[in-house]
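# Fold and contact review
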Amino acid sequence: MRAYRESKLAGTGITPVFPLWRRPTDALAREMIAAGVETYLVCIDLKQLTKDFAGRRFDQALLADLPATVDPCGEKGEFHSCVVAGPMFDRAIAVTVGETVERDGFAYADLMPAQVTP
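Structural notes, computed from the coordinates. Each chain has its residues counted from 1, following the order in which its sequence is written. For a predicted model such as this one, the threshold for reporting local features is a pLDDT of at least 70, and the threshold for listing and counting side-chain atom pairs is 80 or more; totals across whole chains, interfaces and linings nevertheless cover every residue. Hydrogens and waters are ignored; side-chain quantities use all the structure's heavy atoms.

## Describing the sheet that holds strand β1 (residues 38-45)
Where we set the bar: By the convention used here, strands pair only if DSSP detects at least 2 bridges between them. Numbering of helices and strands runs from the N terminus; a helix is a DSSP stretch of H or I covering at least four residues, while a strand is a stretch of E covering at least two. For helices, the fitted axis covers only the stretch in contact; all axes are lines through C-alpha atoms, and the angles between them, taken along N-to-C directions, range from 0 to 180 degrees.
Spatially, the 4 strands line up as an open sheet ordered β2-β1-β4-β3, and their pairing is antiparallel. Pairing within the sheet leaves two strands with one partner each, and these edge strands are β2 (79-85) and β3 (95-103). Recorded for the sheet is a direction-independent mean angle of 25° between the axes of neighbouring strands. Where β1 and strand β4 (residues 106-113) come together, 3 bridges link them in antiparallel fashion. By the bridge assignment for β4, Asp 45 is matched with Phe 106.

Written out as structure tokens, the structure is:
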């Protein structure tokens with residue numbers, strides 16, 4: 001995975017940090033939110049978080065609700081996310097949160113394309 005990520009970032013000017021979980025991620029999570037990165041939790045490990053976290057927006061309220069055992073960036077596999085907007089995007093991807101399903105110890109939230117009016 002490391003080699004894959006390094007190859008994809010080659011030439012972009014972005015230097016990946018490995019492993020991220022060896023550094024405090026609380027400040028990083030808050031920096032991402034403050035920078036305008038819009039993210040939704042799309043997969044939740046039900047051994048670490050409850051189903052209601054699936055589909056939630058990654059924001060200050062979510063960070064406040066995370067149990068102390070959960071890494072704010074999900075770096076221990078607690079959750080996976082989907083970024084839909086931020087300063088690195090030309091434009092935001094408009095989404096709505098759809099159905100959440102449980103399977104094999106995980107909760108998955110669908111992100112659906114939102115109807116955008118011109």
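Now that the structure has been shown, we can carry on.
## Digging into the packing of aromatic side chains
The condition is simple: Between rings of Phe, Tyr and Trp, where Trp is taken as its six-membered ring, a pair exists when centres lie within 6.5 Å; planes separated by under 30 degrees are stacked, by over 60 edge-to-face, and by other angles tilted. Burial status follows relative accessibility: with a 1.4 Å probe on protein chains alone, a residue under 20% of its type maximum counts as buried, one over 50% as exposed, and anything between as partly exposed.
Summed over all chains, the structure comprises 2 aromatic pairs. Between Phe 58 and Phe 79, the aromatic rings sit 6.4 Å apart at their centres with planes inclined by 50°, giving tilted as the arrangement. You can see Phe 58 sitting in the loop between β1 and α3 (60-65) and its partner Phe 79 sitting in strand β2, a full 21 residues away along the chain. Comparing Phe 58 with Phe 79 shows no difference in burial state: the two are buried. Between Phe 106 and Tyr 108 the ring centres are 6.3 Å apart and the planes differ by 40°, which places this aromatic pair in the tilted class.

## Examining the nonpolar core
Heads up, the rule is: Throughout this description, the term nonpolar core refers to a set of buried Ala, Val, Leu, Ile, Met, Phe, Trp, Tyr and Cys residues connected via side-chain atoms within 4.5 Å. Contacts are residue-level and defined by heavy atoms, with any inter-residue pair within 4.5 Å sufficient.
With 16 residues, the main nonpolar core has Ile 44 and Phe 58 as its most contacted residues. Sorting the residues of this core by element identifies α2 (26-34), β1, α3 and β4 as the ones contributing at least two each. In contact with Phe 58, other than residues within four places in its own chain, are Ala 29, Met 32, Ile 33, Thr 39, Tyr 40, Leu 41, Leu 63, Pro 72 and Phe 79.

## Here we look at the state of the cysteines
Inclusion rule: Two cysteine sulfur atoms make up a disulfide if the distance between them is within 2.5 Å.
For the coordinates displayed, the defined rule picks out 0 disulfides. Free of any disulfide, Cys 43 has its nearest neighbouring cysteine sulfur in Cys 82, separated by 12 Å. We classify Cys 43 as buried; its relative accessible area is 9%.

## Points about the pattern of salt bridges
Heads up, the rule is: Salt bridges are identified by distance alone: a Lys or Arg side-chain nitrogen within 4 Å of an Asp or Glu carboxyl oxygen.
In total, this model carries 4 salt bridges according to the counting rule given. Here Glu 102 ties to Lys 51 by a salt bridge, and the two come within 3.6 Å at their closest N and O atoms. Of this pair, Glu 102 sits in strand β3 while Lys 51 sits in the loop between β1 and α3; the two residues are 51 residues apart in sequence, bridging distant segments of the chain. Its salt-bridge partner being Asp 65, residue Arg 56 comes within 3.0 Å of it at the nearest N-O pair. Note on Asp 65: relative accessible area 45%, which makes it partly exposed.

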